[in-house]
Amino acid sequence: MKIHFLLDEQAHLQPCATFVSAMAMLADRGFTVTRGIPEAALLCPDRLCVRHDLYVLESRSELALSVAAVLHDRGGQFLNPYPACALAQNRITAASRLAAAGVPVPRSWVTADFAMLCELASDRTVIVKPYRDCGGAKNVVAHGPDDLVGIPLREQPVLVQEFIERRGPDLRLQAIGELVFATERQAGGAVPVTAELHDIALRCGRVFGLSVYGIEIVQGREGPVVVDFDRAPCLAGVAQGAALLARHIENVLGGQVPLQRQPPTLHVSAGWAGLLQGAVA
């Protein structure tokens, strides 16, 4: 069986060690494993066709996401389905979907009106994030309107979220299937995964229909809050991450783990009701 990894352009110089090792393990087990960087190729979108049994979209680039869209449209199977990746990579749609499913997230707003944003920042501390987690743009914590000067609201959409006061170290959760691993974001050391964190992580994955992903957690006054979602984590700090990823991919190809093509359907009611279990075929 054939597996193709769509990698970031920077991975050519600094490849993710976990994924490189996982690819080698899969090759040793008899799979045909290839990798590609869309930015380093000359592709004809109208001539792209499905040549592999499974694609792994590790790149976050807009070009890679577009190539994945074409392959998905032509029947390609992805470890993380393209439509779910597109939803998760957009912070606006990701935050909305998580909130609708009852996942603890900060209050969020969107606007391209600078006056309205200043009015909001006058009332509370907010964090302004580019709607895509790529391109080098930084998050801005605004304690008041003066901190908003220079934000190009009309050049790129932003997600505005209420700033969560911390009551403990920030955490990064990374999931492979039903397995969840936690590290401190600043110190980098592994920490125990509580039942609450495990439940939050799996709920996030099910919201999108993803099986390999990461989330950023701030421990606030009322408990853990999901402040960011990563649909293509490098799995750094995950013990035996390469072996677990390789086994997960093998199980997907073997049919032991169901492969989704679309995110689950959300049923939203007053108060943000939950998630319809299962996925759209």
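The sections below set out a description of the structure shown in this document.

1. Some remarks on the side chain of E216
As for its placement among the helices and strands, E216 is situated in strand β11 (residues 212-220). Looking at E216, the relative accessible area reads 12%, which means it is buried. Side-chain polar atoms of E216 contact the side chain of R172, separated by 3.0 Å. Excluding its chain neighbours within four sequence positions, the residues that come into contact with E216 are L171, R172, R185, V225, V226, V227 and D228.

2. Thoughts on the sheet that holds strand β3 (residues 54-57)
Judged by pairing direction, the sheet is parallel, and its 3 strands sit side by side in the order β2-β1-β3 without closing on themselves. A strand with exactly one partner marks an edge of an open sheet, and here the two such strands are β2 (32-36) and β3. Across this sheet, the average inter-strand angle for adjacent strands is 20°, counted without regard to direction. Here 4 bridges tie strand β1 (residues 2-6) to β3, and the two strands are oriented parallel to one another.

3. Some thoughts on the state of the cysteines
On inspection of all chains with the given rule, the structure shows 1 disulfide. Take C44: it sits in no disulfide, and the sulfur closest to it among the cysteines is that of C49, at 11 Å. For C49, a relative accessible area of 34% corresponds to the partly exposed category.

4. Topic: the pairing of β1
β1 sits mainly inside the fold: 4 of its 5 residues count as buried. As defined by bridge partners, β1 adjoins β2 across 5 bridges and the pair is classed as parallel. Bridge pairing links I3 to V33 in β2.

5. Points about the packing of aromatic side chains
Applying the stated rule across the entire model yields 4 aromatic pairs. For the pair F5 and F19, a centre-to-centre distance of 6.3 Å together with 85° between the ring planes defines the contact as edge-to-face. Residue F5 is located in strand β1, and its partner F19 is located in helix α1 (residues 17-28); the two are separated by 14 residues in the primary sequence. Each of the two residues, F5 as well as F19, counts as buried. Relative to F229, the ring of Y213 lies with its centre 5.7 Å away and its plane at 10°, an arrangement referred to as stacked. Placement of Y213 in strand β11 and of F229 in strand β12 (residues 223-230) is noted, with a sequence separation of 16 residues between them. With relative accessibility at 2%, the residue Y213 sits in the buried group. Members of the aromatic cluster, each reached through a chain of ring pairs, are F208, Y213 and F229.

6. Some remarks on the sheet that holds strand β6 (residues 140-142)
Read across the sheet, 4 strands follow the order β4-β7-β5-β6 without closing on themselves; strand pairing throughout is antiparallel. Looking at which strands have only one partner, the edges of the open sheet turn out to be β4 (108-109) and β6. Examined bridge by bridge, β4 and strand β7 (residues 158-162) share 2 bridges and lie antiparallel to one another. Bridge pairing in β7 places S108 opposite Q161. Packed on one face of the sheet, helix α4 (residues 91-100) meets β4, β5 (126-130) and β7 and runs near 40° to β7.

7. Examining the nonpolar core
Counting 35 residues, the largest nonpolar core has F208 and I215 as the members making the most contacts within it. Per-element accounting of this core gives the leading share, 7 residues, to helix α6 (residues 195-208). Apart from the residues lying within four places of it in its own chain, the contact partners of I215 are L171, R172, L173, I200, A201, C204, V226, D228 and F229. Listed in part, the 23 residues of the second largest apolar core include A22, L26, V212 and L235.

8. Looking at helix α7 (residues 241-254)
Side chains three or four residues apart in an α-helix point the same way, a direct result of the helix having 3.6 residues per turn. Between its first and last C-alpha, α7 extends 20 Å over 14 residues, near the 20 Å set by a 1.5 Å rise per residue. All of the buried residues along α7 are G241, A242, L245, A246, H248, I249, V252 and L253. For α7, the angular spread of the buried residues around the axis is 160°, confining them to a single face. The inward-facing, buried residues of α7 contact β1, α1, β3, β8 (171-176) and β11. Positive phi appears at G255, one or two residues downstream of α7, with a value of about 90°.

9. Regarding the pattern of salt bridges
Across all of its chains, the model carries 13 salt bridges by this definition. One salt bridge in this structure joins D123 and R124, with 2.7 Å as the shortest N-O distance. Close ionic contact of R172 with E216 constitutes a salt bridge, the shortest N to O distance being 3.0 Å. Separated by 44 residues along the polypeptide, R172 in strand β8 and E216 in strand β11 bring together distant segments of the chain. Residues joined by salt bridges that share partners form a network here, namely R166, D170, R172, R185 and E216.

Conventions used here
Residues numbered from 1 in each chain as written. Predicted model: local features only at pLDDT ≥ 70, side-chain atom pairs only at ≥ 80, totals over all residues. Heavy atoms only, no water. Helix = DSSP H or I, 4+ residues; strand = E, 2+ residues; numbered from the N terminus. Buried < 20%, exposed > 50% of the residue type's maximum accessible area, 1.4 Å probe, protein only. Polar contact = N/O pair within 3.5 Å; in protein donor to acceptor, adjacent residues only side chain to side chain. Contact = heavy atoms within 4.5 Å. Pairing = 2+ DSSP bridges. Axes fitted to C-alpha atoms, helices over the stretch in contact; angles between N-to-C directions. Disulfide = S-S within 2.5 Å. Phe/Tyr/Trp six-rings, centres within 6.5 Å; stacked < 30°, edge-to-face > 60°. Core = buried A, V, L, I, M, F, W, Y, C linked by side-chain atoms within 4.5 Å. Expected span 1.5 Å × (residues − 1). Arc of directions from axis to C-beta. Salt bridge = Lys/Arg side-chain N within 4 Å of Asp/Glu carboxyl O.

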